[in-house]
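Architecture at a glance
What follows is each chain in one-letter form.
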Amino acid sequence: MNISENIADLRRKRGWSQEHLAEQLGVTRQSVSKWESGTATPELEKLVALADLFGVSLDALAREDWTPSPSTEPTHLERQVEELSRYVRGYAYDSPIRLWGLPLVSIRLSRNGLGRDSVARGIIAIGNIALGVVAVGCLSVGIVSVGAFALGVLSIAALALGAVSLGALSVGFLAFGSCAVGVYSCGVAAVASDIAVGVAATASQTAIGEQAAGEHVLLWGSGLTQAQVEAFLLTHHPNLWRPLLRLLSFAGSVIQ
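Residues numbered from 1 in each chain as written. Predicted model: local features only at pLDDT ≥ 70, side-chain atom pairs only at ≥ 80, totals over all residues. Heavy atoms only, no water.

1. Description of the pattern of salt bridges
Defined as follows: By definition, a salt bridge exists where a carboxyl oxygen of Asp or Glu is found within 4 Å of a side-chain nitrogen of Lys or Arg. Runs of E in the DSSP output that reach at least two residues are strands. Runs of H or I that reach at least four are helices, and both are numbered from the N terminus. Buried, partly exposed and exposed residues are distinguished by accessible area as a fraction of the type maximum, computed with a 1.4 Å probe on protein chains only: under 20%, between the cut-offs, and over 50%, respectively.
Under the counting rule described, the total for this entry stands at two salt bridges. Ionic pairing is found between Glu36 and Arg11, a salt bridge with its closest N-O pair at 2.5 Å. Of this pair, Glu36 sits in helix α3 (residues 29-37) while Arg11 sits in helix α1 (residues 3-13), placing them 25 residues apart in sequence. As far as the burial class goes, Glu36 and Arg11 line up, both buried. For Arg108, the salt bridge identified is with Asp94, shortest N-O distance 2.7 Å. With Arg108 in strand β4 (residues 105-109) and Asp94 in strand β1 (residues 91-94), this pair connects stretches of sequence that are 14 residues apart. The exposure class of Asp94 is partly exposed, given its relative accessible area of 32%.

2. Considerations on the confidence of the model for the chain
The condition that has to hold: Across the chain, each position has a pLDDT score giving the predictor's confidence in that residue, from 0 to 100. Whether two residues are in contact is decided by their heavy atoms, any of which lying within 4.5 Å being enough.
Summarising the model, the chain shows a mean pLDDT of 85, and 84% of its residues fall at 70 or more. By mean pLDDT, the top-scoring element of the chain is strand β5 (residues 119-203) (94), and the lowest-scoring one is helix α6 (residues 76-89) (53). Overall, residues 69-73 carries pLDDT values under 50, and its contacts beyond four positions in sequence, including any with other chains, amount to seven contacts.

3. A word on the nonpolar core
Generally speaking, a soluble globular protein has its nonpolar side chains buried in company with each other. What counts is decided by this rule: Only buried residues count toward a nonpolar core, which is a set of Ala, Val, Leu, Ile, Met, Phe, Trp, Tyr and Cys residues joined through side-chain atoms within 4.5 Å.
Within the largest apolar cluster, 18 residues are counted, with the highest numbers of intra-cluster contacts made by Tyr184, Ile195, Val197, Ile208, Leu233, Leu240 and Leu248. Looking at this core, the elements with two or more residues in it are β5, α7 (226-236) and α8 (242-254). Here this core gets six residues from one element, more than from any other, and that element is β5. If we ignore the near neighbours within four places in the chain, the residues touching Tyr184 are Phe173, Leu174, Ala175, Ala192, Asp194, Ile195, Leu240, Leu244 and Leu248.

4. A word on α1
Within α1, eight of the eleven residues are buried, which leaves the element mostly enclosed by the surrounding structure. Phi for Gly15, located one or two positions after α1, is positive at around 70°.

5. Observations regarding the packing of aromatic side chains
Stated formally: Two rings from Phe, Tyr or Trp (for Trp, the six-membered ring) form a pair when their centres sit within 6.5 Å of each other. Planes less than 30 degrees apart are called stacked, planes more than 60 degrees apart edge-to-face, and all others tilted.
This structure, assessed with the given rule, holds two aromatic pairs. Taken together, a centroid distance of 5.9 Å and an interplanar angle of 25° make the contact between Trp16 and Phe54 stacked. Taken together, the residues Trp16 in the loop between α1 and α2 (18-25) and Phe54 in helix α4 (residues 44-54) connect sequence positions 38 residues apart. Its relative accessible area of 2% is what places Phe54 among the buried residues. Ring geometry for Phe173 against Tyr184: centres 5.5 Å apart, planes inclined by 75°, an arrangement best described as edge-to-face.

6. Side note on the environment of Ser110
One can find Ser110 in the loop between β4 and β5. Among the residues examined, Ser110 registers a relative accessible area of 8% and is labelled buried. In sequence terms Ser110 and Gly127 are 17 residues apart; their C-alpha atoms lie 7.7 Å from each other.

7. Structural notes on the sheet that holds β4
The criterion, for reference: A pair of strands is considered paired only if DSSP assigns at least 2 bridges between the two. To obtain an axis, a line is fitted to C-alpha atoms, over the contacting stretch when the element is a helix, and the angle between two such axes runs from 0 to 180 degrees between their N-to-C directions.
Strand order in this open sheet of five strands is β1-β4-β5-β6-β7, and the pairing throughout is mixed. Two strands bound the open sheet, and with one partner strand each, they are β1 and β7 (216-219). Neighbour-to-neighbour, the strand axes of the sheet open up by a mean angle of 50°, direction not taken into account.

8. Considerations on α4
Each turn of an α-helix holds 3.6 residues, which means side chains three or four residues apart point in the same direction. Worth spelling out the cut-off: The directions from the helix axis to the C-beta atoms are what the arc is built from.
Those residues of α4 not exposed but buried are Lys46, Leu47, Leu50, Ala51 and Phe54. Down the axis, α4 shows its buried residues gathered within 140° of arc, on one side only. Exposed and facing more than 90 degrees away from the buried side of α4 are Glu45 and Asp52. Summarising the contacts, the buried residues of α4 are in contact with α1, α2, α3 and α5 (58-62). Within two residues after α4, Gly55 carries a phi angle of roughly 75°, on the positive side.

The following block contains the structure:
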């Protein structure tokens, strides 16, 4: 057997996939596949790591006349320990493609809570904690953020903070949520500096709702049409950006 066959044989005897071996070594599955096919040879650092991982000497791993002994076969207990270890570690992946020094996709899903091994950093980041252009996680920060707690230009979360935010508790320039706070806000309870639309709406300038408080107030009665809400908003905010005008008018006509 040569070194490529030794690696493949030791991996199979432990019941590991190429992907699992790659995770433990911090390389891609494709690298392991090349080692086992003989199209590439691990560098010395990886050879040492492989020998330590398999519990054999570096000489034995590299020798062509070496045959793994039956003692290298993992016991049932060893398999259980390994599976438990994998469960605790969770899943980690960084794509080999990088932009601006960051992996295109970074995934860190750990069962250890919010430790350092739970932080995903990439253009697209998915993890317990996610930092990226597009971030998805329990705690996410990015241009587009989705999670339990999200901070970004566009945030969607139970607790969302962003320029445009959507969540149970939403804070932003334009906020939508059960409880929404912003310059413009829509929700069951809406608080805004300019325009608030909601069942209970409070704003410094304009409030539209069943219970509304502000300088300019439009109360829901038997029902308001989108055209009526739009006409009211145009009276007091003639320079309001038209897409925003239509969005608030639509919200004012359907929330009631």
